[in-house]
Amino acid sequence: MIIAEKKPLPEVLGMLEGSSEVLVLGCRSCTAICLVGGEREAMETCEALALHSEIKDKGWKVRSLTVERACEREFLTPLNGFKGTVVSMACGVGAQVVQEHCPDARVVPGVNTSNMGAPEGTGTFVERCAGCGDCILHLTAGICPIARCAKSLLNGPCGGSQNGRCEVSPDTPCAWDQIVKALERQGRLDLLDANIPPRDWRPSRNGGPRRIVNAEASPGDAQRRWREGE
Amino acid sequence: MSVSRLQEVLDSGRFAVTAEIGPPRSCETERLRETARALKGSAHAFNLTDNQAANVRMSSIASSVICLQEGLEPVMQMTCRDRNRIAIQSDVIGASALGIRNVLCISGDHQMFGDHPQAKNVYDLDSIQELMVLRRMRDDGTNWSGEALPQPPQLYLGAAANPFADPFEFRVTRLAKKIDAGAQFVQTQCVLDIERFKRFMRLAVEKGLHERVHIIAGVIPMRSHKAALFMKNKVAGMSVPDSVVERLRRASDPREEGIRLCVETMQDLGSIRGVHGVHITAIAWEDIIPRLVTEAGIRP
């Protein structure tokens, strides 16, 4: 899922100058699960903004609303025609889709979107995938070196790996140490004998913003071409 | 055929000496020239680091050229941290055009350790892929995309190895991977834990790696037990035995003891099967290098 962190309240307050109607928009998907942007957090932020408005005499009309998934417009119909300020508690994707859905509104981020990760215990979330567009998990014992090695090395571990820890932080496990040990456990260390050559980064962000067409699921021409086996 | 003196020395079976010169933080060209003049003749080749510890310094290309002008043979270090494959190939073509032959391919210290922790790193390639790219340029006469190079760069390719990082057994596999990728010589992390280094070398020799690459063992002179403690506790990928710290702590003249320790280490290393030279890293103490090689009896 997408992992986000709450923005400090003063930073959010600074984005609201000149607003009159303020809608704090929660999302019940990823940011709710990482406990920063769900219904409860949206309501808390809403109360804080209302209190600030009252104390500082800002005159904001603040309310909160939480949708199922801010990144899909079919869930955004309650926002139809909204022209005020939206404090988005959804991820950066959600915030942008909301802006597209409400072109006359001012959408500001209430969270910092960080990465694609998974919970580790309670309240801790760790990056797992960098969305690089060319998955090699079958070569690396299901541990991604692009996302989890500080240098994204494809032929690691580097010389800074010690006691299973990354040189960058003692809190960070060395992904390549984990890969080597996992492959050893699986009896597949021979996978590491072959060098992985320089990769093509075009499927990653380096080919520009990515547009993925799933022909099977697309309407119109793309699906017709898929059906006809082109 | 040798393209550099370092290659000639190593290929002829002689014991090679290399030493590190940290480029200045700014345009202190004269200071670099003075260092170069003072060190001339005390090693076969000199490594010019590439923004070591991720601190901004004079480029390794420029400082390598200045050393060349002073009659020293440079080993230009080139990290993958700050350059993509376009810049790496371009810089190496430029370096070779300027007379630089020895290139050390390394991934580079993470920028978190340096003076610009806010920087974005590159890592388009890793050190093994950098070797693959440079070897193709030299041997196949094409750049990585396959475009012909009418006059390919002349290169003697090196890599780093750290026998003190983990997982231990994999360090030998990694050395083999670097040789497969094109490494002709390897410079190791500084050896203070000689027992662990010997175990590493035994494994490397068992695999016959010493016949496929020239292994140059790193050494570092230390001026005090505090320097040893710093390396033990603060430098990633170092192994410093307590006995070394204790020896320096108890010495009446720690500086002299540090020199003795370094000289002894170099002599010990020379007797290990598969070790073809030593690499001296005397951080901010480069002027001690001539004395070290003289006392160890390995002055070129």
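Remember, it's a predicted structure, so these values are computed and weren't measured experimentally.

With respect to the packing of aromatic side chains
The tally for this structure, following the rule as stated, stands at two aromatic pairs over all chains. Here the aromatic rings of Tyr156(B) and Phe185(B) are separated by 5.0 Å at their centres, their planes lie at 25 degrees, and the arrangement is stacked. Placement of Tyr156(B) in strand β5 (residues 156-161) and of Phe185(B) in strand β6 (residues 185-190) is noted, with a sequence separation of 29 residues between them. Accessibility classification places Tyr156(B) together with Phe185(B) in one group, the buried group. Positioned above the aromatic ring of Trp201(A) is the side chain of Arg199(A), whose terminal nitrogen or guanidinium carbon lies 4.2 Å from the ring centre. Over the ring of Trp144(B) we find Arg136(B); its NZ or CZ atom is 3.8 Å from the centre of that ring.

So, the domain arrangement of chain A
A common way to state how big an interface is: give the accessible area lost once the parts meet. According to the domain assignment, chain A contains domain 1 (2-115) and domain 2 (132-230). On a C-alpha basis, the centres of domain 1 of chain A and domain 2 of chain A stand 33 Å from each other.

Re the side chain of His110(B)
With respect to the element layout, His110(B) can be found in the loop between β4 (102-106) and α5 (127-140). Beyond its immediate sequence surroundings of up to four residues, His110(B) is in contact with Ala150(A), Lys151(A), Glu167(A), Val168(A), Ala54(B), Asn121(B) and Tyr123(B).

Examining the sheet that holds strand β3 (residues 61-67) of chain A
Residue and element names in this part refer to chain A. In space, the four strands of this open sheet follow the order β3-β2-β4-β5, with parallel pairing throughout. Looking along the sheet, the strands with just one partner apiece sit at the ends: β3 and β5 (106-109). When the angles between neighbouring strand axes are averaged without regard to direction, this sheet yields 25 degrees. One ladder, built from four bridges, connects strand β2 (residues 21-27) with strand β4 (residues 85-88); its direction is parallel. Bridge assignment links Val24 to a residue of β4, and that residue is Val87. Each of β2, β3 and β4 is contacted by helix α3 (residues 39-55), which is oriented at about 175 degrees to β3, the strand it contacts most.

Concerning the interface of chain B and chain A
Taken together, the contact between chain B and chain A spans 34 residues of the former and 26 residues of the latter. Carbon and sulfur atoms supply 52% of the area buried between chain B and chain A, which totals about 2400 Å² over both sides. Among the residues chain B hides against chain A, the three largest losses belong to Asp166(B), Phe170(B) and Lys177(B). Together they make up 21% of the total. For the pair chain B and chain A, the number of links is 20 residue pairs in polar contact (both at pLDDT 80 or more). No other element matches helix α6 (residues 168-181) of chain B, which puts seven residues into the side of chain B that touches chain A. Residues that form the side of chain B that touches chain A fall into these classes: 16 nonpolar, nine polar and nine charged.

A few points about the nonpolar core
Residues and elements named next belong to chain B. One finds Leu134, Leu175, Phe197, Met266, Leu269 and Ile280 to be the most contacted residues of the largest nonpolar core, which totals 90 residues. Looking at this core element by element, the count peaks at seven residues for α6. Residues contacting Met266, with those up to four places away along its chain left out, are Val219, Val278, Ile280, Leu292, Ala296 and Ile298.

Things to note about the sheet that holds strand β6 (residues 111-119) of chain A
Residues and elements named next belong to chain A. A sheet is described by the order of its strands in space; here three strands give the open sequence β1-β6-β7, paired in antiparallel fashion. In this open sheet, the two strands that pair with only one neighbour each are β1 (2-6) and β7 (125-129). Taken over all neighbouring pairs, the strand axes of this sheet differ in orientation by 60 degrees on average, direction set aside. In this structure, β6 lies alongside β7, joined through four bridges in antiparallel fashion. Paired with Pro119 across the two strands is Phe125, which belongs to β7.

Looking at the pattern of salt bridges
Residue and element names in this part refer to chain A. By the definition in use, this model includes 33 salt bridges over all chains. Glu17 is paired through a salt bridge with Lys58; the nearest N and O atoms lie 3.0 Å apart. Linking Glu17 in the loop between α1 (9-14) and β2 with Lys58 in the loop between α3 and β3, this pair joins segments that are 41 residues apart in sequence.

Points about the confidence of the model for chain B
Averaged over all residues, the pLDDT of chain B is 97; the fraction at 70 or higher stands at 100%. Scored as a complex, the prediction yields pTM 0.95 and ipTM 0.94.

Brief notes about unusual backbone geometry
Cis peptide bonds are those with omega within 30 degrees of zero, and the linkage from Gly156(A) to Pro157(A) qualifies with 0 degrees. Looking at the secondary structure, you find Pro157(A) in the loop between α5 (145-148) and β8 (165-166). The residue after Asp166(B), namely Pro167(B), is reached through a cis peptide bond having omega -15 degrees. Note on placement: Pro167(B) falls in the loop between β5 and α6.

Rules and cut-offs
Residues numbered from 1 in each chain as written. Chains lettered and ligands numbered in written order. Predicted model: local features only at pLDDT ≥ 70, side-chain atom pairs only at ≥ 80, totals over all residues. Heavy atoms only, no water. Phe/Tyr/Trp six-rings, centres within 6.5 Å; stacked < 30°, edge-to-face > 60°. Helix = DSSP H or I, 4+ residues; strand = E, 2+ residues; numbered from the N terminus. Buried < 20%, exposed > 50% of the residue type's maximum accessible area, 1.4 Å probe, protein only. Lys NZ or Arg CZ within 6 Å of the ring centre and 35° of its normal. Domains from an automatic or database assignment. Contact = heavy atoms within 4.5 Å. Pairing = 2+ DSSP bridges. Axes fitted to C-alpha atoms, helices over the stretch in contact; angles between N-to-C directions. Buried area = accessible area lost by both parts, 1.4 Å probe. Polar contact = N/O pair within 3.5 Å; in protein donor to acceptor, adjacent residues only side chain to side chain. Nonpolar A, V, L, I, M, F, W, Y, C, P; charged D, E, K, R; others polar. Core = buried A, V, L, I, M, F, W, Y, C linked by side-chain atoms within 4.5 Å. Salt bridge = Lys/Arg side-chain N within 4 Å of Asp/Glu carboxyl O. pLDDT = per-residue confidence, 0-100.

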